[in-house]
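Listed here are the chains, written in short residue letters.
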Amino acid sequence: MSRGSIGLDDRLNEYLVKSHPPEHPVLAQLRAATAKMTNAGMQIAPEQGHFLAFLARLIGARNTLEVGTFTGYSALAVALALPKDGRVIACDINAEWTSLGKKYWEKAGVADRIELRLAPGVDTLKALAKEGRKGQFDMAFIDAWKPDYDAYFELTLPLVRGGGLIVFDNMLWGGKVADSTVRDEDTRAVRALNQKIAGDSRVDAVLLPVGDGMTLARVKQVFVA
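The sections below set out a description of the structure shown in this document. (Residues numbered from 1 in each chain as written. Predicted model: local features only at pLDDT ≥ 70, side-chain atom pairs only at ≥ 80, totals over all residues. Heavy atoms only, no water.)

Let's shift gears to the pairing of strand 5 (residues 160-168). Counted residue by residue, strand 5 has 7 buried out of 9 residues, so it is predominantly covered. Bridge count for strand 4 (residues 137-142) against strand 5 is 5 bridges, and the pairing is parallel. When the bridges of strand 5 are listed, Ile 142 appears paired with Phe 168. Following the chain from strand 4 across helix 7 (residues 149-156) to the adjacent parallel strand 5, one finds a crossover that is right-handed. Of the pairings in the sheet, the one linking strand 5 to strand 7 (residues 214-219) comprises 4 bridges and is antiparallel in character. Its bridge partner lying in strand 7, Val 167 is registered against Leu 216. (Buried < 20%, exposed > 50% of the residue type's maximum accessible area, 1.4 Å probe, protein only. Helix = DSSP H or I, 4+ residues; strand = E, 2+ residues; numbered from the N terminus. Pairing = 2+ DSSP bridges. Right-handed = clockwise from strand over helix to strand, strands pointing away.)

Encoded structure:
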């Protein structure tokens, strides 16, 4: 949920984006189509899409998971980075938003790599565990309802292999996490998870000021709840 990286002025953020390899043309088209929506601010910034794709390639990901798909930009960015037999399970609750993404997944030729599951994220994560998918995912990207961030973390941990990554978006939450006067439910949830992950022995983690703040948590071993 960011048009650019937090803390950068427009000029420097534009320089940052242009200093990456060119955005895939279908990603650019999807981003432009999403920008026309009233809730376009929910889409990740292009540098975040590039970063997710880089991470997927860096760890040799084949099976990835995301909670919070919106119009499908992040799913498309990762799917384009996967090998032909790679798969993304994309979780969302809104059929209208994700229907836009489907059109561009098809256009980019990667629709067969993306499985969309329309249900609350907590329900889908529990279902994946019941399906025997523990330890089978290389990477998970979480960008959904903030009050459930802790639940997503705990439910995703068993699904990701040792050495795999869980990536959270909005971990700086527009700077509100550092403002002690802000105490709304979303901000408190993000603060709590930042604090929890920083001291969690099950993962190695780093919080980066990319987009609206991205936390990378590397799972030390398959965690069985």
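From this point on, the discussion continues.
Moving on: the nonpolar core. When a protein is soluble and globular, its nonpolar side chains tend to lie buried together. Core analysis: the largest hydrophobic core is formed by 34 residues, its most contacted members being Leu 76, Ile 114 and Val 167. The set of elements that each furnish at least two residues to this core consists of helix 2 (25-35), helix 3 (46-58), helix 4 (73-81), strand 2 (87-92), helix 5 (95-107), strand 4, strand 5 and strand 7. Looking at this core, the element that brings in the most residues is helix 4, giving 7 residues. If sequence neighbours within four positions are ignored, Val 167 has contacts with Leu 52, Leu 55, Ala 140, Phe 141, Ile 142, Met 214, Thr 215 and Leu 216. (Core = buried A, V, L, I, M, F, W, Y, C linked by side-chain atoms within 4.5 Å. Contact = heavy atoms within 4.5 Å.)

The mixed open sheet is built from 7 strands, whose spatial order is 3-2-1-4-5-7-6. Pairing within the sheet leaves two strands with one partner each, and these edge strands are strand 3 (114-118) and strand 6 (203-208). Geometrically, the sheet is characterised by an average inter-axis angle of 15° between neighbouring strands, direction not taken into account. Here 6 bridges tie strand 6 to strand 7, and the two strands are oriented antiparallel to one another. Residue pairing across strands places Val 206 opposite Leu 216, the latter belonging to strand 7. This element, helix 4, spans strand 1 (63-67), strand 2, strand 3 and strand 4 of the sheet and lies at about 175° to strand 2. (Axes fitted to C-alpha atoms, helices over the stretch in contact; angles between N-to-C directions.)

Look at helix 2 against helix 5: their axes get within 10 Å of each other, and the N-to-C directions meet at 165°. It follows that helix 2 is roughly antiparallel to helix 5 by the angle criterion. Regarding helix 2 and helix 5, the two cross each other, and that crossing is right-handed. Contacts between helix 2 and helix 5 involve Val 26, Gln 29, Leu 30, Ala 33 and Thr 34 from the former and Leu 100, Gly 101, Tyr 104 and Lys 107 from the latter. (Parallel < 35°, antiparallel > 145°, perpendicular 65-115°, else oblique. Left-handed = near helix turned anticlockwise from the far one by under 90°.)

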